[in-house]
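A structural walkthrough
The chain contents come next:
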Amino acid sequence: MNNKITRSNLDIIERAIISNNVIRISYRKTTKEFKKPKPYGHKDYGDLVRRNIEPYDIREEVNKDGVSKNYLWAVDITTTRSDDNHIKKFILNGIQGATKLNRTFTPRSWA
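The following refers to the structure shown. This structure is a prediction, so every number in the text was calculated from the model and none was measured.

**What to know about the pattern of salt bridges**
Counted according to the given criterion, the structure contains seven salt bridges. For E54, the salt bridge goes to R108, with nearest N and O atoms at 2.8 Å. Pair noted here: E54 is in strand β4 (residues 48–62) and R108 is in the segment after β7 (95–104), with a separation of 54 residues, a long-range link. The exposure class assigned to E54 is buried, which follows from its relative accessible area of 7%. Notably, a salt bridge pairs D57 with R59, separated by 2.8 Å at the nearest N-O pair.

Rendered as structure tokens:
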């Protein structure tokens, strides 16, 4: 994924983290190559999806190949299913749009 997040989208996300505002992001999912059950090498190309999220943090992480990426940690509240309300990480450069919504949230705690 060669996209870079725009400064304005990053500013919206950073302000939302500080002020506990819910935001809507447009996010490009990563392309996945399947081994099973589809034919070996079949690729599903990343879809552009919209998510309403409670943003918590931006962190840099190094994967097992030694590649460093920035991630946005957030709770996806797009659906109301209780099993879906857990912290997720989004590749920051996959975010193509961010909009502040007129909602705040109470930060959750994880034990």
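**Quick word on the packing of aromatic side chains**
All told, the structure shown has two aromatic pairs when counted by the stated rule. Relative to F90, the ring of Y27 lies with its centre 5.1 Å away and its plane at 80°, an arrangement referred to as edge-to-face. Highlighted residues: Y27 in strand β1 (residues 21–28) and F90 in strand β6 (residues 87–91), separated in sequence by 63 residues. Each member of the pair, Y27 as well as F90, carries the same accessibility label: buried.

The rules behind the values
- Residues numbered from 1 in each chain as written.
- Predicted model: local features only at pLDDT ≥ 70, side-chain atom pairs only at ≥ 80, totals over all residues.
- Heavy atoms only, no water.
- Salt bridge = Lys/Arg side-chain N within 4 Å of Asp/Glu carboxyl O.
- Helix = DSSP H or I, 4+ residues; strand = E, 2+ residues; numbered from the N terminus.
- Buried < 20%, exposed > 50% of the residue type's maximum accessible area, 1.4 Å probe, protein only.
- Phe/Tyr/Trp six-rings, centres within 6.5 Å; stacked < 30°, edge-to-face > 60°.

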